[in-house]
Amino acid sequence: MSVETTASETAVSAAPARTAHRRHYLMCEPAHFTVNYSINPWMEPTKPTDTARAVEQWQKLHDLYVELGHEVELIEPLAGYPDMVYTANGGFVIDGRAYVPKFRFVERQGEAPAFADWFRGAGYDTVIPEEVNEGEGDFLLVGDVILAGTGFRSTGDSHHEVGEVFGREVVSLTLTDPRFYHLDTAIAVLDPVQGVENGGPERANIAYLPGAFDDASRAILEERFPDAILVSDEDGSVFGLNSSSDGYNVIMSPRAKGFEKQLRERGYNPIMIDLSELLLGGGGIKCCTLELRGRS
Ligand code: ARG
């Protein structure tokens, strides 16, 4: 991965210098966005939505990624699948291999073949799952390890399956608060690249919302990530953790003020993007972003 920007003047002097790494993302324009069913507590079909506004907000996120030097690919939105904009649920991709989702709710199940076709067309080694899983919504790669969420969507059996598919260690974490039903609403991976030889920090770090997990999962997170940023309930409940980082720039909700400050103190560069319209569907910045990791 090429090195693009290094944090200098903007970082607090005591904070470590951070490096931005070029990322490769898959996004889907919310051309058919609406809320006409409810599969999470954020979705209220009686509340009006504004599709044009959703597209406008989404476009800003898209254009920002391009401006930052990331490669963004697009999948064609399917009519009748208003949640397809949340491409993080469209798969989990490492080393040129794509593990396809198997959605928990029937409302989204028709998205899976579209994502599978896209991966095949783009040359990914495409794996059709047996177990219920919602892609990068519940699987986060941190260094060499996959953090895997369960409790609301992806099952424990999918954790086993994803470990086999990628031959990596999987750490299962249980979510307990229905507002934070996907792992990417409760954990943000701050360093997508690990290892000083690759231009990343020695150990990839995360930020998380302690209150979203059961006690056992919290203990695992404390042990594995002693330097993690612990985000307040206030910032978590405005989807502050549903942000995306290139290792320096962290794209996040303008509502999570405390998290913004914590990131600056650590030498990251928070950039605000408001996806208020897409929050009506229970999704934010990270939900609209699927990372495509090719063969290294
Ligand atoms: N309405 C969508 C659902 O409930 C939102 C998905 C959000 N995606 C995410 N990666 N957290 O499935």
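Our subject is the structure listed above.
A short tour of the structure in this document, coming up. Once a new chain begins, its residue numbering starts again from 1 and follows that chain's sequence as written. Residues qualify for local features only when their pLDDT is at least 70, as the model is predicted, and side-chain atom pairs are given and counted only at 80 or more; totals for whole chains, interfaces and linings, by contrast, use all residues. In computing side-chain values, all of the structure's heavy atoms are included and hydrogens and water are not.

## Section: the overall build of the chain
Within the chain, the secondary structure is distributed over eight helices and 17 strands. Rg of the C-alpha trace for the chain: 18 Å, near the compact-globule value of 19 Å for 296 residues, within the 12% margin. Projected onto its principal axes, the C-alpha coordinates of the chain cover approximately 50 × 40 × 40 Å. Note on contacts: a residue pair qualifies if any of its non-hydrogen atoms lie within 4.5 Å across the two residues. In the chain, the share of contacts with a sequence separation of at least 24, taken over all contacts with a separation of at least 6, comes to 69%. Under the convention used here, a 1.4 Å probe and the Shrake-Rupley method define accessible areas, while residue burial counts only the protein chains that appear. Accessible surface for the chain amounts to roughly 12,000 Å². Of this, 49% is attributable to carbon and sulfur atoms. Secondary structure elements follow DSSP: runs of H or I no shorter than four residues count as helices, runs of E no shorter than two count as strands, and numbering proceeds from the N terminus. C-alpha atoms define the radius of gyration in this analysis, and the globule rule sets the expected value at 2.2 Å times the number of residues to the power 0.38.

## Thoughts on the pattern of salt bridges
Any Lys or Arg side-chain nitrogen found within 4 Å of a carboxyl oxygen on Asp or Glu counts as a salt bridge. Applying the stated criterion across every chain, the model contains 17 salt bridges. A salt bridge links Arg-53 to Glu-277; the nearest nitrogen and oxygen atoms lie 2.9 Å apart. Of this pair, Arg-53 sits in helix α1 (residues 51-67) while Glu-277 sits in helix α8 (residues 276-279), placing them 224 residues apart in sequence. Partly exposed describes any residue whose relative accessible area lies between the buried limit of under 20% and the exposed limit of over 50%, with all areas from a 1.4 Å probe on protein chains only and scaled to the type maximum. Exposure remark for Arg-53: the relative accessible area of 37% places this residue in the partly exposed category. One salt bridge connects Arg-179 with Asp-177, and the closest N-O pair in it is separated by 2.8 Å. Residues participating in the shared-partner salt-bridge network are Arg-23, Glu-136, Lys-286, Glu-291 and Arg-293.

## With respect to the pairing of strand β4 (residues 71-74)
Two strands pair if DSSP finds at least two bridges between them. With four bridges connecting them, strand β3 (residues 24-27) and β4 associate as parallel partners. What sits directly across from Leu-26, in β4, is Glu-73. The parallel pair β3 and β4 is bridged by α1, and the resulting crossover is right-handed. If the strands point away from the viewer and the path from the first strand over the helix to the second runs clockwise, then the crossover is right-handed.

The values are spatial; any link to function lies outside them.
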